[in-house]
Amino acid sequence: MNPLLRVRHLSTNFPTDRGIAHAVDDVSFDLYPRETLGLVGESGCGKTVTALSILRLLEGTSAMIGERSTVEFGGVNLLDLAPEALRRVRGAGIAMIFQDPTTSLNPVLTVGTQITETLRAHRDVSRRDARTRAVDLLRLVGIPDPDGRIDAYPHQLSGGMQQRVMIAIALSCEPTILIADEPTTALDVTIQAQILELLAELKERLGMAMILITHDLGVVAGVADRVAVMYGGQIVEVAQTTTLFANPQHPYTEALLKAVPRLDRPTKRLAAIPGAVPAATAWPTACRFHPRCPHAWDRCHVEPPQLLTDTSHAVRCWLVEEPQRRRG
Amino acid sequence: MSMSWLRRLLRHRRTRLGFGLVGALALVAALAPVLTPYDPTTQLDLATGQLLSPSVRHPFGTDFFSRDLLSRVLFGGRISLAVAFLSVFLSVTIGTVVGWVAGMAGGILESITMRLVDAALAIPRIFLLLVVLALWSDLGVMALILILGLTSWFGTSRLVRAEVLSLKEREFVVAARALGIGRLRMFARHVLPNVAGPIIVTATLGMGHMILIEAGISFLGVGIQPPTPSWGNIIREGQELLAAAPWISIFPGIAIVVTVIGFSLIGDGLRDTLDPRAQ
């Protein structure tokens, strides 16, 4: 099967006063049709910057995209697309929803206006038809009384309803890929589950592929088919969700999984990863995780491990070559 | 705009007073042809009608050429208010577009534009106007409006640019970009409504400034040319006769003060209502 989206060597750097911040460094991954890929990592590991770089939403900021970077979608490289062609991809080919619905909806426009403007940006539909479609979309995302709510302003809706509206807007032009950047982080736990369920259901129904960005492994376990774990601006491990959870290879993934409280495992104290995420301006040399890694040896300080993207379970760690070095 | 918004705006007595003052002046100026008993430029009676003090027949008195001053002040108000309104409209439009383009474009274009604006702002506006007006003589009213408008948008463009820069970072603008909303639509629906508040406030306060500037340059003799009356050139005509016929300068002077105060009160009220930070 050919991938829908093929990201290769994506690097995004930000010049700062303390040197260049390598926020995303040589990230490569594929997204297949109808698949959900979970992109997991701590704050500042480059998940969001990866998503923003794919849609070129960092243009106009100081961000610099690497010269070798390509984002192949529908046979073209999005990174060299002309502005108008890029505009047509955004929303209609690849749509994106953001973390906080209270800030990602325009406070001065009604919900209906924000849905119809996206529709009309991509499709040649009349105002009236767009409005009818907007009501249908609100119904689709489970908003009660869609005929009434269509004229509501964002502040008149709860956070969960606002996120449903964002989803309705993102799905209005039936994109083939939906990028959801921490779509439930700003919501109450009970609402989180509803929104995730809604996303999973709509993804099935509309036959979309989804990139789900999150720091919550529980979210990934429930929704994603495959998981890519990011650390220090790089992907450190990619595998099928079940494989990753059952058999994590990278010490970072392993540590993350140990840090999650579980009902089936009596724990007095959760395992923490020693140290902190280093600054993006000064990643450790070679393997970026080595200062916090319990298994690290000389090679990890000197020789940067590579990630093989074509195998079904790719790991950026020398333990793959020297498993006898694993401690404990 | 909803009713609650209007109610919030009119909550303060000062704002209501401002609307009252400006509304009354605008109404009287608009109805000047109906309200005034005399033509503002007709010399009524050069033999006995010169420099009459205020009376029932001439509530504001007459000037050196025996023209009825009430008629002149009312017709002058039309000119002064119209010139101020149109030039503020022009300047706010240009300032908004330049600020938006600079803010959205960023990079070299923004730097160049904004440094030019800084340079223009560094020159006192009255000197800028005098230089420009000295280059042309016998300007019509439209030309004056153009010149006033074209020399006063610098501040607005800075303001709009700053607002656009902060809006650009707002998540809903990024979200709208991510959904493929075009540039013009982005400006009209996402940027403009969110910068409308500060723009309306500047425009309102700008009305007061513009009336003063028009009065100032007309007073200096390079603005509206006699016999067409404007508040500024009526004051100028009364200047030499200040001791003998003080009413000639006093009445248009009062009109200017009242208008400027009125616009300032409205502007302050609008700022309190439209600026979310002031609430």
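For the structure given in this document, a descriptive report is provided here. (Residues numbered from 1 in each chain as written. Chains lettered and ligands numbered in written order. Predicted model: local features only at pLDDT ≥ 70, side-chain atom pairs only at ≥ 80, totals over all residues. Heavy atoms only, no water.)

With that out of the way, let us pick up the overall build of chain B. A tally of regular secondary structure across chain B gives 12 helices and 0 strands. Along the first, second and third principal axes, the C-alpha set of chain B runs to 75 × 45 × 25 Å. Taking all 279 residues of chain B together, the buried fraction comes to 47%. Taking as baseline every contact in chain B between residues at least 6 positions apart, the subset at least 24 positions apart corresponds to 69%. Counting every atom, chain B has about 13,500 Å² of accessible surface; 69% of that belongs to carbon and sulfur. (Helix = DSSP H or I, 4+ residues; strand = E, 2+ residues; numbered from the N terminus. Buried < 20%, exposed > 50% of the residue type's maximum accessible area, 1.4 Å probe, protein only. Contact = heavy atoms within 4.5 Å. Areas by Shrake-Rupley, 256 points an atom, 1.4 Å probe, with all protein chains shown as cover.)

Bringing the overall build of chain A into the picture now. Counting its secondary structure elements, chain A contains 12 helices and 12 strands. Taking 2.2 N^0.38 as the reference for a compact globule, 328 residues should give roughly 20 Å; the C-alpha atoms of chain A span a radius of gyration of 21 Å, in line with that estimate. Taken along the three principal axes of its C-alpha coordinates, chain A extends 65 × 50 × 45 Å. Across the 328 residues in chain A, those meeting the buried criterion constitute 54%. Relative to all contacts within chain A whose residues are 6 or more apart in sequence, the contacts with residues 24 or more apart total 65%. Accessible surface, chain A as shown: approximately 14,900 Å² in total, 51% of it carbon and sulfur. Taken together, the 34 basic and 36 acidic charged side chains of chain A have centroids lying 2 Å from each other. (Rg over C-alpha atoms; globule rule 2.2 N^0.38 Å. Lys, Arg positive; Asp, Glu negative; His and termini not counted. Charge placed at Lys NZ, Arg CZ, Asp CG, Glu CD.)

A few words now on the side chain of Thr184(A). Among the structural elements, Thr184(A) can be located in the loop between β8 (177-181) and α8 (189-206). In contact with Thr184(A), not counting residues within four places along its chain, are Gln192(A), Ile195(A), Leu196(A) and Val219(A).

With that settled, the discussion passes to the packing of helix α8 (residues 154-169) of chain B against helix α10 (residues 183-219) of chain B. Residue and element names in this part refer to chain B. The interhelical angle for the contact between α8 and α10, taken along N-to-C directions, is 145°, at an axis separation of 10 Å. As α8 packs across α10, the resulting crossing turns out to be right-handed. Residue-level inspection shows Thr156, Leu159, Val160, Glu163, Val164 and Leu167 of α8 in contact with α10, the latter providing His190, Val191, Asn194, Val195, Pro198, Ile199 and Thr202. (Axes fitted to C-alpha atoms, helices over the stretch in contact; angles between N-to-C directions. Left-handed = near helix turned anticlockwise from the far one by under 90°.)

Once that is clear, we can look at the state of the cysteines. All names here are of chain A. Inspection of the entire model under this criterion finds 0 disulfides over all chains. Free of any disulfide, cysteine 45 has its nearest cysteine sulfur in cysteine 287, 15 Å distant. Accessibility expressed as a relative area gives 3% for cysteine 45, which makes it buried. (Disulfide = S-S within 2.5 Å.)

The interface is formed by 30 residues belonging to chain A together with 17 residues belonging to chain B. Summed over both partners, the interface of chain A with chain B buries about 1,800 Å², with 57% contributed by carbon and sulfur atoms. Three residues stand out in chain A for area buried against chain B, namely Leu57(A), Asn106(A) and Glu117(A), and they jointly supply 27% of the buried area on that side. Inspection of the region where chain A meets chain B yields 1 salt bridge. One salt bridge in this structure joins Arg185(B) and Glu117(A), with 3.0 Å as the shortest N-O distance. The interface formed by chain A and chain B holds 13 residue pairs in polar contact (both at pLDDT 80 or more) in total. Every element with two or more residues in the side of chain A that touches chain B is listed here: α2 (83-92), β7 (94-97), α3 (101-104), α4 (111-122) and α7 (159-171) of chain A. With 5 residues, the top contributor of residues to the side of chain A that touches chain B is α4(A). Of the residues contributing to the side of chain A that touches chain B, the split by class is 15 nonpolar, 9 polar and 6 charged. (Buried area = accessible area lost by both parts, 1.4 Å probe. Salt bridge = Lys/Arg side-chain N within 4 Å of Asp/Glu carboxyl O. Polar contact = N/O pair within 3.5 Å; in protein donor to acceptor, adjacent residues only side chain to side chain. Nonpolar A, V, L, I, M, F, W, Y, C, P; charged D, E, K, R; others polar.)

All names here are of chain A. All told, the structure shown has 28 salt bridges over all chains when counted by the stated rule. The residue glutamate 42 makes a salt bridge to arginine 292 at a minimum N-O spacing of 3.8 Å. Here the residue glutamate 42 occupies a position in the loop between β3 (36-40) and α1 (47-54), and arginine 292 occupies one in the loop between α11 (251-258) and α12 (298-302), the gap between them amounting to 250 residues. Classification of glutamate 42 by relative accessible area gives partly exposed; the value is 23%.

Once that is clear, we can look at the environment of Gln163(A). All names here are of chain A. Turning to its location among the elements, glutamine 163 is positioned in helix α7. By relative accessible area, glutamine 163 is classed as buried at 0%. Sequence separation between glutamine 163 and aspartate 80 is 83 residues; the distance between their C-alpha atoms is 32 Å. Residues within four places of glutamine 163 in sequence aside, it is in contact with Phe98, Gln99, Pro101, Pro183, Leu187 and Ile195.

The subject of this paragraph is the pairing of strand β2 (residues 19-31) of chain A. The two faces of the sheet receive side chains in turn, since in a regular strand these alternate between them. Residue and element names in this part refer to chain A. Of the strand pairs in this sheet, strand β1 (residues 5-16) and β2 are connected by 9 bridges, and their pairing is antiparallel. Across the sheet, residue leucine 5 finds its bridge partner in β2, namely leucine 31. Two successive antiparallel strands, β1 and β2, enclose a turn made up of 2 residues. (Pairing = 2+ DSSP bridges.)

Time to look at the nonpolar core. Ranked by size, the top nonpolar core spans 81 residues in total, and within it Leu5(A), Phe29(A), Ile54(A), Ile94(A), Met96(A), Ile167(A) and Ile179(A) carry the most contacts. Among the elements that make up this core, the one with the highest residue count is α7(A) (8 residues). In this view, Leu5(A) contacts Phe29(A), Asp30(A), Leu31(A), Ile54(A), Val71(A), Glu72(A), Phe73(A), Ile94(A), Ile177(A) and Ile211(A); residues no more than four positions away in its chain are not counted. By size, the runner-up hydrophobic cluster in this structure holds 56 residues, among which are Leu129(B), Val132(B), Ile213(B) and Ile217(B). (Core = buried A, V, L, I, M, F, W, Y, C linked by side-chain atoms within 4.5 Å.)

Residues and elements named next belong to chain A. Positioned with a positive phi, histidine 9 is a non-glycine residue whose angle comes to about 50°. The topology assignment puts histidine 9 in strand β1. You can call histidine 9 partly exposed: its relative accessible area is 27%. Even without being glycine, aspartate 145 reaches a positive phi, approximately 55°. With respect to the helices and strands, aspartate 145 occurs in the loop between α5 (127-140) and α6 (146-149).

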